[in-house]
Amino acid sequence: MNVPTTRRLTVAQALVEFLAHQYTERDGRRHRLISACWGIFGHGNVAGLGQALLESGAASHQGETPGTPALPYLQGRNEQAMVHAAVGYARQCDRLSAHAVTTSIGPGATNLVTGAALATVNRLPVLLLPGDTFATRPADPVLQQLEVPHAGDVSVNDALRPVSRYFDRVTRPEALIPAALQAMRVLADPVDTGAVTLALPQDVQAEAYDWPEEFFADRVWRVTRPLPDADALTAAVAAIRGARRPLLIAGGGVHHSEAEDALYAFADATGIPVASTQAGKGSLRYDHPADVGGIGHTGTATAAALAREADLVIGVGTRYTDFTTASATLFAAPGVRFLNLNIAPFDAHKLGAASLVADARAGLEALTKELSGHRVDAAYEAAYGADKAAWERRVDAAFGAADDSVRPSQTQVLGALDALVDDTDIILNAAGSLPGDLHKLWRSRSRRQYHLEYGYSCMGYEIPAAIGVRMAAPGRPVWALVGDGTYLMNPTEIVTAVQEDLPINLVLIQNHGYASIGGLSQATGGERFGTDYRFRAADGTYTGAPLPVDLAANAASLGMDVLRAATVGELRAALAEARGANRPTCVYVETETADTVPGAPEAQAWWDVPVAETATRPAAVAAREAYDRHAAGRRRHL
């Protein structure tokens, strides 16, 4: 009779050992599910997970040690930023590999909440391991403990429940086994994935237990490619064959599924135009005949015109945010219908759609096969092709500068970068006015070149995410595009990039305030109130001279090489130098406030931001009149 063997380890040691043996597998390729652990240590995790990581050999960042695979440790400066770095890594890895993040109790744990929300909103996996107060309560309260008079079992970690796809508090050693297995299941599930939280009381982390050896065996979580239901596929094919003006919207699910080649084959075979969400941009190369650019509020005029007249909208891997649908006003054709291909039933059934619940790649391949011989009308192709060509000429005009000696606009900054990069470069952004410019104008050349976090649009994401992306894609040039408002939110991980010798490139654009919200404020009657970085004027408003901050000096003080560019010509030279650098480099440029984004009315799609119903200031009164006109165009697609 075989007697099961056990190993005596602390809970923290057992968790680290368990994580080192978890793998995902898709299409026959295996990946470490949790490939590293970020951590900032305090009294809630230093003697638990901190000691366990040290004992496991995590100080070695060179990969797995034969026989005893380590979980490499990464040192961060801010807990929220560590989650952003982990999310950037997971997205670049197509959600097949992820990072863990450990913190102490108290503010270290609550700093995780924003990052967790970002991960869950974007359906990207990250494992959160915050310390927690004592399970045995030998002293009550302990340092940083939140006391809730009506509930003794509540801690600040409960703030992570609504932003986590799975949450558990491990109050006994043996409870770690089912909790850890459930955590891995959710992280590896393309439908359920997001932030996963295992709250770890500090006394339990250090408690020893006799663990069954089976707990530490290599475990493979297979990520499958579900096929569409046969009847649903037949109905979908009939809908596409019957459509005169179909439009496909590529969402982030195309990238997560590695379905780009399948989308190319579908577009080549059918001639159906392809627009993209922020998460889906780059699903087709910008110069593919069927690619019509971004869709929705920040999209191209070409895509907007097609959307307004489409009789069938085919959503692939998209969750239809209000930016995509222009707050339910974009798809305006009478009788327009929707067909959604999505691995998540929740998203597949949106907008009253006929649904194909399936993996994006498997579903597109099935559709292409069943649509053999079908192609949209040649006149339809020719018309959107001509519109696409006209839009590209407008992009050329926006990107160009007649004189290299002038200060560049923001779009000219993008134009200089567009002229420099090739298929290997990766562009990151998340918030401010840049996402709109990039969605409209950027020419994506390869899969995963365009990395926009626009599900949560979180200021401060870009720099730490660039670190995660560079770790996932070593050797590829990585550019974090950041405005001054975003930079001031979260520049601390520059120190991490320097420490880890990761040559990320930061393009730091100084425009003296919140440019995006300033424009939105002006459009909604807010008159740019509180959006500029300026001294107070005599009337008490922030309308004085610009603040004398030197963000380039700040970046240099954190260890970056800094290149200052005052003109278009200097900018081009600085970007080229940064791209060839072998250490973290910042290109600092102050831009003209007047920009050159194509702004013709047909390029715009509405975004519903409620405007004051009653007001005395003329700007707000006019904005409300415009709001009422747009709101009248909203419709429910049932």
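Each remark here, short or long, concerns the structure printed above.
Here the structure is a predicted model, which means the values were calculated and not measured. (Residues numbered from 1 in each chain as written. Predicted model: local features only at pLDDT ≥ 70, side-chain atom pairs only at ≥ 80, totals over all residues. Heavy atoms only, no water.)

## Regarding the overall build of the protein
Now for step 1: A count of helices and strands for the protein gives 24 helices and 23 strands.
Now for step 2: Its C-alpha atoms give the protein a radius of gyration of 26 Å, near enough to 26 Å, the size a compact globule of 638 residues would have.
Now for step 3: On the principal axes, the C-alpha backbone points of the protein span a range of 75 × 70 × 55 Å.
Now for step 4: For the protein, the proportion of its 638 residues judged to be buried stands at 56%.
Now for step 5: For the protein, the accessible surface area stands at approximately 25000 Å², while carbon and sulfur atoms represent 54% of it.
Now for step 6: Across the protein, the mean location of the 55 positive side-chain charges is 4 Å away from that of the 70 negative side-chain charges. (Helix = DSSP H or I, 4+ residues; strand = E, 2+ residues; numbered from the N terminus. Rg over C-alpha atoms; globule rule 2.2 N^0.38 Å. Buried < 20%, exposed > 50% of the residue type's maximum accessible area, 1.4 Å probe, protein only. Areas by Shrake-Rupley, 256 points an atom, 1.4 Å probe, with all protein chains shown as cover. Lys, Arg positive; Asp, Glu negative; His and termini not counted. Charge placed at Lys NZ, Arg CZ, Asp CG, Glu CD.)

## Looking at the sheet that holds strand 2 (residues 22-26)
Now for step 1: Here three strands make up an open sheet; going across it, the order is 3-2-11 and the pairing mixed. The open sheet has two edge strands with one neighbour each: strand 3 (29-32) and strand 11 (219-222). Taken over all neighbouring pairs, the strand axes of this sheet differ in orientation by 35° on average, direction set aside.
Now for step 2: Of the pairings in the sheet, the one linking strand 2 to strand 11 comprises four bridges and is parallel in character. Paired with Glu25 across the two strands is Arg222, which belongs to strand 11.
Now for step 3: Where helix 6 (residues 176-188) meets the sheet, it contacts strand 2 and strand 11, and its direction lies at approximately 35° from that of strand 11. (Pairing = 2+ DSSP bridges. Axes fitted to C-alpha atoms, helices over the stretch in contact; angles between N-to-C directions. Contact = heavy atoms within 4.5 Å.)

## As for the pattern of salt bridges
Now for step 1: Taken as a whole and assessed by the stated rule, the structure comprises 38 salt bridges.
Now for step 2: The partner of Arg172 in a salt bridge is Glu174, and the shortest N-O contact between them spans 3.6 Å.
Now for step 3: A residue is classified by how much of its surface remains accessible, and Arg172, at 39% relative accessible area, is partly exposed.
Now for step 4: A salt bridge links Arg285 to Asp423; the nearest nitrogen and oxygen atoms lie 3.3 Å apart. One end of the pair, Arg285, is in the loop between strand 13 (274-276) and strand 14 (291-294); the other, Asp423, is in the loop between helix 16 (410-420) and strand 18 (426-429), and 138 residues separate them in sequence. (Salt bridge = Lys/Arg side-chain N within 4 Å of Asp/Glu carboxyl O.)

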